[in-house]
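An overview of the molecular structure
These are the residues of each chain, in order.
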Amino acid sequence: NAGVTQTPKFQVLKTGQSMTLQCAQDMNHNSMYWYRQDPGMGLRLIYYSASEGTTDKGEVPNGYNVSRLNKREFSLRLESAAPSQTSVYFCASNPALNYGYTFGSGTRLTVV
Amino acid sequence: SQELEQSPQSLIVQEGKNLTINCTSSKTLYGLYWYKQKYGEGLIFLMMLQKGGEEKSHEKITAKLDEKKQQSSLHITASQPSHAGIYLCGAETPIKTSYDKVIFGPGTSLSVIP
């Protein structure tokens, strides 16, 4: 089915470990986004990419890096995981301005 | 910065009852989105409103944007267990570039009792 695919769905990391969250969309969308969702905080934008080859910081970028590998893929990397990065991470995409986002099913990350 | 508030925070209704969820912005909304999130899953796009006074409906869900474009309501008629989940409103941030970024409210948790 067309949409946004995130991997993995679940992950447990030890403090200081690194990992990359993968996101791919097959809808030929230009823009892609990474959000984190925390209880009482709602969804907060980490990084976004308006088009292939461009990335920009969102509201909470510290501790993260991103790569827009091509039009389909947008990865999120945690270089040195911290317990404060325990969260549910969502990738989203949309074709252009004024279009609703399509979200992936999320990655539930726990850092111990 | 623009912030979105939602009320109520949570809602428990009996199947068949009507309900309303509100989303209020501290600034004028340039675009207002409604999403539904089932527990443990991703967000599903419901509707987008742009013009003051605009109203859209999909099945038993109606969303309205007020004339001043600072408040939106989501109304569910004759609720069903399938309507249960978390409803989030999202708003486009003031456009500084051609990029489209959306901020979200904290969400309203809806439970429907059969």
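Residues numbered from 1 in each chain as written. Chains lettered and ligands numbered in written order. Predicted model: local features only at pLDDT ≥ 70, side-chain atom pairs only at ≥ 80, totals over all residues. Heavy atoms only, no water.

1. Comments concerning the overall build of chain A
Condition: Each helix is a run of DSSP H or I of at least 4 residues and each strand a run of E of at least 2, with the numbering of both proceeding from the N terminus. The buried label goes to any residue with under 20% of its type's maximum accessible area, the exposed label to any with over 50%, and the partly exposed label to all in between, with areas taken from a 1.4 Å probe on protein chains only. Residue-level accessible areas treat just the shown protein chains as cover; the underlying method is Shrake-Rupley with a 1.4 Å probe. In this count, Lys and Arg are taken as positive residues and Asp and Glu as negative ones, while His and the chain termini are left out. To locate a charge, take NZ of a lysine, CZ of an arginine, CG of an aspartate or CD of a glutamate.
Within chain A one finds zero helices and 11 strands. The helix and strand sequence of chain A, counted from the amino end, reads β-β-β-β-β-β-β-β-β-β-β. Projected onto its principal axes, the C-alpha coordinates of chain A cover approximately 35 × 25 × 25 Å. Taken across its 112 residues, chain A has 47% of its residues classed as buried. Total accessible area on chain A stands at roughly 5,200 Å², and carbon and sulfur atoms take up 48% of it. With 10 positive and 7 negative side-chain charges, chain A shows a spacing of 6 Å between the two charge centroids.

2. Description of the overall build of chain B
Put simply, the rule is: When we talk radius of gyration, it's over C-alpha atoms, and the globule rule is simply 2.2 Å times the number of residues to the 0.38.
In terms of regular secondary structure, chain B is built from zero helices and 11 strands. Taking 2.2 N^0.38 as the reference for a compact globule, 114 residues should give roughly 13 Å; the C-alpha atoms of chain B span a radius of gyration of 14 Å, in line with that estimate. Structurally, chain B occupies a C-alpha span of about 45 × 30 × 20 Å along its principal axes. A buried classification covers 44% of the 114 residues belonging to chain B.

3. Section: the interface of chain A and chain B
Note the cut-off: Contacts are assigned to residue pairs with any non-hydrogen atoms lying within 4.5 Å of each other. Accessible area that two parts lose when put together, with a 1.4 Å probe and added across both, is what the buried area reports. The salt bridge definition used is simple: a Lys or Arg side-chain nitrogen within 4 Å of an Asp or Glu carboxyl oxygen. Residues adjacent in sequence count toward polar contacts only when both atoms are side-chain atoms; beyond that, a polar contact is any pair of N or O atoms within 3.5 Å, and within protein one must be able to donate a hydrogen and the other to accept it.
Residue-level contacts link 21 residues of chain A with 21 residues of chain B. Both faces considered, chain A and chain B share a buried interface measuring about 1,700 Å² in area, 59% of it formed by carbon and sulfur atoms. If you look at where chain A meets chain B, you find zero salt bridges. Our count for the chain A to chain B interface comes out at two residue pairs in polar contact (both at pLDDT 80 or more).

4. What to know about the environment of B:Glu3
All names here are of chain B. Positionally, Glu3 belongs in the segment before strand S1 (4-7). Accessibility expressed as a relative area gives 52% for Glu3, which makes it exposed. With 24 residues separating them in the primary sequence, Glu3 and Lys27 have C-alpha atoms 7.8 Å apart. When neighbours within four sequence positions are excluded, Glu3 is seen to be in contact with Thr24, Ser25, Ser26 and Ile103.

5. Topic: the side chain of B:Glu54
The residue B:Glu54 is located in the loop between strand S5 (43-49) and strand S6 (55-58) in this model. A distance of 2.7 Å separates the side chain of B:Glu54 from the backbone nitrogen of B:Gln50, its partner in a polar contact.

6. Concerning the packing of aromatic side chains
We apply this condition: To pair, rings of Phe, Tyr and Trp, with the six-membered ring standing in for Trp, must have centres within 6.5 Å; the planes then decide the type, stacked if under 30 degrees apart, edge-to-face if over 60, and tilted in the middle.
Under the defined criterion, the tally for this structure stands at 14 aromatic pairs over all chains. An angle of 85° between the planes, with centres 6.3 Å apart, marks the rings of A:Phe90 and A:Phe103 as edge-to-face. Of the two residues, A:Phe90 sits in strand S9 (residues 87-94) while A:Phe103 sits in strand S10 (residues 102-103), which places them 13 residues apart along the sequence. Both residues of the pair, A:Phe90 and A:Phe103, count as buried. Ring geometry for A:Phe103 against B:Tyr35: centres 5.4 Å apart, planes inclined by 85°, an arrangement best described as edge-to-face. Note that A:Phe103 is positioned in strand S10 and B:Tyr35 in strand S4 (residues 32-37), a pairing that runs across two chains.

Geometry only, nothing functional implied.
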